[in-house]
Amino acid sequence: MRRVLLALSLALALLPVGAASAASVPTLPDVEDEVMCPVCGTSLNLAESPQADRERAFIRSLIDRGETKGQIKRRLVDQYGPQVLATPPGSGFDLAAYLVPILIGIAALLALVLALARWRGRKPRAPANAPVPGAGPLAPADARRLDEDLARYDR
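Residues numbered from 1 in each chain as written. Predicted model: local features only at pLDDT ≥ 70, side-chain atom pairs only at ≥ 80, totals over all residues. Heavy atoms only, no water.

Our next topic: the pattern of salt bridges. Applying the stated criterion across every chain, the model contains eight salt bridges. One salt bridge connects Glu 148 with Arg 144, and the closest N-O pair in it is separated by 3.2 Å. Residue Glu 148 and its partner Arg 144 are both found in helix 6 (residues 140-154); the two are separated by four residues, about one turn of the helix. Here Arg 152 makes a salt bridge to Asp 149, at a shortest N to O gap of 2.0 Å. With Arg 152 and Asp 149 both in helix 6 and three residues apart, the pair spans about one turn of that helix. In this structure, a network of salt bridges that share partners links the residues Glu 32, Asp 53 and Arg 56. (Salt bridge = Lys/Arg side-chain N within 4 Å of Asp/Glu carboxyl O. Helix = DSSP H or I, 4+ residues; strand = E, 2+ residues; numbered from the N terminus.)

Encoded structure:
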C-alpha cells in the first residue's frame, strides 16, 4: 500500500512538469491568432493571401526547429516589422490604448455606485396633494382667487 501511495504521489508531482514542457512547444494555431498578415492587415488565422501562406510556412519552420512562441514572435518582428504583432507592445501610447477604456469603465462604475447611494439616501417625496407641513389654511381672499383661477381652466 505504501508503494502505491508513493508511486501515485510521485506521478502527481511530475504531472505539472510534463504539462509545462508540453505547453512550451507552440503550434501554428497558437501563434497564428497573435500575429498579422503584413499585406492583408488581418489576423493570420483569417488571412488568405500568398504572403499569409509564406508567413505560415516560416512559422512552421520555426516550430520545427523547436523555438518558443516568444522566439517565433521576435523572429517575425525581425522579418516583417512590429506591425506583424496583433497586440501592441505594452508601453507608451499603446499602453494607453489598453488602460484608458479600463479607467473609463472604472470611473463609470464608481459614478453609478455614488449615484445609487445618493438616490437611496434621499427622503421620499410627499405626494403633490399632501398638505405642506407648517402651512395653515388659506386666507379667504386667497381661497377665492384660487377657486376663480381653477374655474377659468376648467372651461
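The next thing to look at is the confidence of the model for the protein. For the protein, per-residue confidence averages 81 on the pLDDT scale, and 79% of positions sit at 70 or higher. Within the protein, the lowest mean pLDDT, 55, falls on helix 1 (residues 2-23), and the highest, 92, falls on helix 3 (residues 50-64). Of the regions scoring below 50 in pLDDT, residues 17-22 engages in zero contacts with residues more than four places distant in sequence or in other chains. (pLDDT = per-residue confidence, 0-100. Contact = heavy atoms within 4.5 Å.)

Quick look at helix 3 now. Taking 1.5 Å per residue as the helical rise, helix 3 with its 15 residues ought to reach 21 Å, and the 21 Å between its terminal C-alpha atoms agrees with that figure. Those residues of helix 3 not exposed but buried are Gln 51, Ala 52, Glu 55, Arg 56, Phe 58, Ile 59, Leu 62 and Ile 63. Looking straight down helix 3, one finds that the buried residues subtend no more than 160° of arc, so they occupy a single side. What points out from helix 3, more than 90 degrees from its buried face, is the exposed set Pro 50, Arg 54 and Asp 64. In the core, the buried residues of helix 3 are packed alongside helix 2 (28-32) and helix 4 (69-80). Once helix 3 finishes, Gly 66 follows within two positions and takes phi at roughly 90°, a positive value. (Expected span 1.5 Å × (residues − 1). Buried < 20%, exposed > 50% of the residue type's maximum accessible area, 1.4 Å probe, protein only. Arc of directions from axis to C-beta.)

With that settled, the discussion passes to the packing of helix 3 against helix 4. Put simply, helix 3 and helix 4 touch, their axes get as near as 10 Å, and they point 140° apart. One way to sum up the angle between helix 3 and helix 4 is to call them oblique. The way helix 3 lies across helix 4 gives a crossing that is right-handed. Together, Gln 51, Glu 55, Phe 58, Ile 59, Leu 62 and Ile 63 of helix 3 and Ile 72, Arg 75, Leu 76, Gln 79 and Tyr 80 of helix 4 make up the contact between the two elements. For the contact of helix 3 with helix 4, a count of residues per class yields seven nonpolar, two polar and two charged. (Axes fitted to C-alpha atoms, helices over the stretch in contact; angles between N-to-C directions. Parallel < 35°, antiparallel > 145°, perpendicular 65-115°, else oblique. Left-handed = near helix turned anticlockwise from the far one by under 90°. Nonpolar A, V, L, I, M, F, W, Y, C, P; charged D, E, K, R; others polar.)

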